[in-house]
Amino acid sequence: MNVLSVRIIFVFFSLFVGYVAMEPMGNALLGALLGIAASLLIIILEMGMRRVSTRGLSSGVFGLILGLIMSKLIGDAISLTPMPNIMLSFLKVALTVVLCYLCMIIALRGQDEFSLVIPYIRLRRQDQAEEKVILDTSVIVDGRITDILKTGFLEARIIIPRFVLKELQQIADSTDPIKRQRGRRGLEILNTIQKEEKLIVSVNEDDFPEVREVDAKLVRLAKLLEAKILTVDFNLNRVASIQGVKVLNINELSNALKSVVFPGEQIQIRLIKEGKEFNQAIGYLDDGTMVVVEEGRKLIGQEVRVAVTSVLQTPAGRMVFTKFSR
């Protein structure tokens, strides 16, 4: 049963109730029409509440309950004073309305600090807390995430925010052919991840309308869910780390898995192209590490044996500088 089926059943039920209610008065047809009109009005109202999240609703209900309790306590205290009944009744109503409003607003503004989804609480032992990882747009478009998840090294619930899906859709619909291709590839990768039986993947509907940047939304969501962010974005990595959010950076993982070479070690390398400096040649190790060979320009296309002179770690990766071994 889907949402449309529930709406159709609700309309027919409202029609029946209106017909039965007005039949004794001889206005059964009018009652049926009023039932249909009322049901359609409620459905329109329900569609307008589509952006209301369960977390926001539970926060609002909590604020309402707190306001009712406070107004009851204060009203009982005021009733002990000598006051006309009319004024006392008016004061109690005004207190209830004002306190309920203020408590609901405060609860909605502070909903990021607590999560009171009472009907959906799941109790678990502290040592069995579920790991959650949020994917950002860059790591989806990058593509390596699919193979990493399939290896089973990352045992966690994969969370894809709705606003990330929206950003991917905008990229896929871009007029720039390169951006469009990247966006479509990202959507295909998501489809592959969702079909993987070993993975637990869910789409999170939380949004933060007051926040415009997707990176800022990711940090807010990670704090709310106590989750980690999986990314290849260097700037997001820095911003999230500053705000106390744990980040898993695939580029850092890739660099950590590259071969370790030390000065003086000899390696076999095929020279591919010219280097930036005079008489340099460039080759690559099996893991993609760039190797710069001094005085190797004339041997481009050949496989040579060189000795490592130094290793330089850069934000883009590791570079190995070598010279011909004697």
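Basis of the calculations
Residues numbered from 1 in each chain as written. Predicted model: local features only at pLDDT ≥ 70, side-chain atom pairs only at ≥ 80, totals over all residues. Heavy atoms only, no water. Helix = DSSP H or I, 4+ residues; strand = E, 2+ residues; numbered from the N terminus. Buried < 20%, exposed > 50% of the residue type's maximum accessible area, 1.4 Å probe, protein only. Contact = heavy atoms within 4.5 Å. Areas by Shrake-Rupley, 256 points an atom, 1.4 Å probe, with all protein chains shown as cover. Axes fitted to C-alpha atoms, helices over the stretch in contact; angles between N-to-C directions. Left-handed = near helix turned anticlockwise from the far one by under 90°. Nonpolar A, V, L, I, M, F, W, Y, C, P; charged D, E, K, R; others polar. Pairing = 2+ DSSP bridges. Salt bridge = Lys/Arg side-chain N within 4 Å of Asp/Glu carboxyl O. Expected span 1.5 Å × (residues − 1). pLDDT = per-residue confidence, 0-100. Patch = residues over 30% accessible without salt bridge, like charges linked within 9 Å, V, L, I, M, F, W, Y side chains within 5 Å. Parallel < 35°, antiparallel > 145°, perpendicular 65-115°, else oblique. Arc of directions from axis to C-beta. Polar contact = N/O pair within 3.5 Å; in protein donor to acceptor, adjacent residues only side chain to side chain.

1. Some thoughts on the overall build of the protein
Helix and strand counts for the protein stand at 11 helices and 10 strands. Counting the 326 residues in the protein, one finds 33% classified as buried. For the protein, the share of sequence-separated contacts (at least 6 apart) that also reach a separation of at least 24 residues comes to 59%. Total accessible area on the protein is roughly 21600 Å²; 61% of this is exposed by carbon and sulfur atoms.

2. Remarks on the packing of helix H1 (residues 3-22) against helix H2 (residues 28-48)
The interhelical angle for the contact between H1 and H2, taken along N-to-C directions, is 145°, at an axis separation of 7 Å. When you trace H1 past H2, the crossing you get is right-handed. Contacts between H1 and H2 involve Arg7, Phe10, Val11, Ser14, Leu15, Gly18, Tyr19 and Met22 from the former and Ala28, Leu30, Gly31, Ala32, Gly35, Ile36, Ser39, Leu40, Ile42, Ile43, Glu46 and Met47 from the latter. In the contact of H1 with H2, the residues fall into 13 nonpolar, 5 polar and 2 charged.

3. Details of the sheet that holds strand S1 (residues 132-135)
The 5 strands lie next to each other as S3-S2-S1-S4-S5, forming an open sheet whose pairing is parallel. The sheet is open, and its two edges are formed by strand S3 (200-204) and strand S5 (247-249), each paired on a single side. With strand direction ignored, the average angle separating the axes of adjacent strands in the sheet is 30°. Taken together, the 5 bridges between strand S2 (residues 157-161) and S3 define a ladder with parallel strand orientation. Looking at S3, one finds that Pro161 is bridged to Asn204.

4. Concerning the pairing of S2
The buried count for S2 comes to 4 of 5 residues, which makes it a mostly enclosed element. Sheet topology places S1 next to S2; 3 bridges connect them, and they run parallel. Paired with Val133 across the two strands is Ile158, which belongs to S2.

5. Some points on the pattern of salt bridges
According to the stated counting rule, one finds 6 salt bridges in the structure shown. Measuring nitrogen to oxygen at the nearest pair gives 2.7 Å for the salt bridge that ties Asp142 to Arg144. On the basis of relative accessibility, which here comes to 28%, the residue Asp142 falls in the partly exposed class. The class of Arg144 is partly exposed, set by a relative accessible area of 31%.

6. Observations concerning the environment of Leu66
Structurally, the position occupied by Leu66 is in helix H3 (residues 54-78). Under the relative-accessibility criterion, Leu66 is labelled partly exposed at 36%. Sequence separation between Leu66 and Met104 is 38 residues, and the spatial gap between their C-alpha atoms is 8.4 Å.

7. Some words on helix H9 (residues 214-225)
The end-to-end C-alpha distance of H9, which contains 12 residues, comes to 16 Å, matching closely the 16 Å that a straight helix rising 1.5 Å per residue would cover. Taken together, the buried positions of H9 are occupied by Val214, Lys217, Leu218, Val219, Leu221, Ala222, Leu224 and Leu225. Residue Glu226 follows H9 closely and has a positive phi angle near 55°.

8. Observations regarding the pairing of strand S8 (residues 290-293)
When strand S7 (residues 281-284) meets S8, the two strands line up antiparallel, connected through 4 bridges. By the bridge assignment, Gly283 is partnered in S8 with Val291.

9. Regarding the confidence of the model for the protein
Should pLDDT be low for a region, the predicted coordinates there are not to be read in detail. Across the protein, pLDDT averages 81, with 88% of residues at or above 70. Mean pLDDT across the secondary structure elements of the protein bottoms out at helix H11 (residues 250-256), with 75, and peaks at S7, with 90. Contacts for the low-pLDDT stretch residues 115-128, under 50 throughout, to residues beyond four places or in other chains number 9 contacts.

10. Let's talk about a nonpolar patch on the surface
A cluster of nonpolar side chains, contributed by Leu57, Val61, Phe62, Ile65, Leu66, Ile69, Met70, Leu73 and Ile74, occupies part of the molecular surface with about 760 Å² of accessible area. Within the secondary structure, Ile65 sits in helix H3. Since its relative accessible area comes to 45%, Ile65 is described here as partly exposed.

11. Here we look at the packing of helix H7 (residues 162-172) against H9
Describing two packed helices takes the angle between their axes plus the distance from one axis to the other. Following both chains from N to C, one finds H7 and H9 inclined at 160°, their axes separated by 10 Å at the closest point. As summarised for this structure, H7 and H9 are arranged roughly antiparallel, according to the angle between their axes. Taken as a pair, H7 and H9 cross one another with a handedness that is left-handed. Each of Phe163, Val164 and Glu167 in H7 lies in contact with H9, whose residues at this interface are Val214, Lys217, Leu218 and Leu221. Per-class residue counts for the contact of H7 with H9 are 5 nonpolar, no polar and 2 charged.

12. A word on unusual backbone geometry
Most peptide bonds take the trans form, and the phi angle of most residues other than glycine is negative. The backbone phi angle of Glu226 is positive, close to 55°, even though this residue is not glycine. By secondary structure assignment, the location of Glu226 is in the loop between H9 and strand S4 (228-231).

13. Things to note about helix H8 (residues 177-195)
In this model H8 runs 27 Å from its N-terminal to its C-terminal C-alpha over 19 residues, within 8% of the 27 Å that 1.5 Å per residue would give. Residues Gly183, Gly186, Ile189, Leu190 and Ile193 constitute the buried set of H8. One face of H8 carries all of its buried residues, which in axial projection span an arc of 120°. In H8, those exposed residues whose orientation departs by more than 90 degrees from the buried face are Gln181, Glu188 and Lys195. Buried residues along H8 sit in contact with S1, helix H5 (137-142), helix H6 (145-151), S2, H7 and S3. Capping the start of H8, Asp176 holds a side-chain oxygen 3.0 Å from the backbone nitrogen of Ile178, two or three residues further along.

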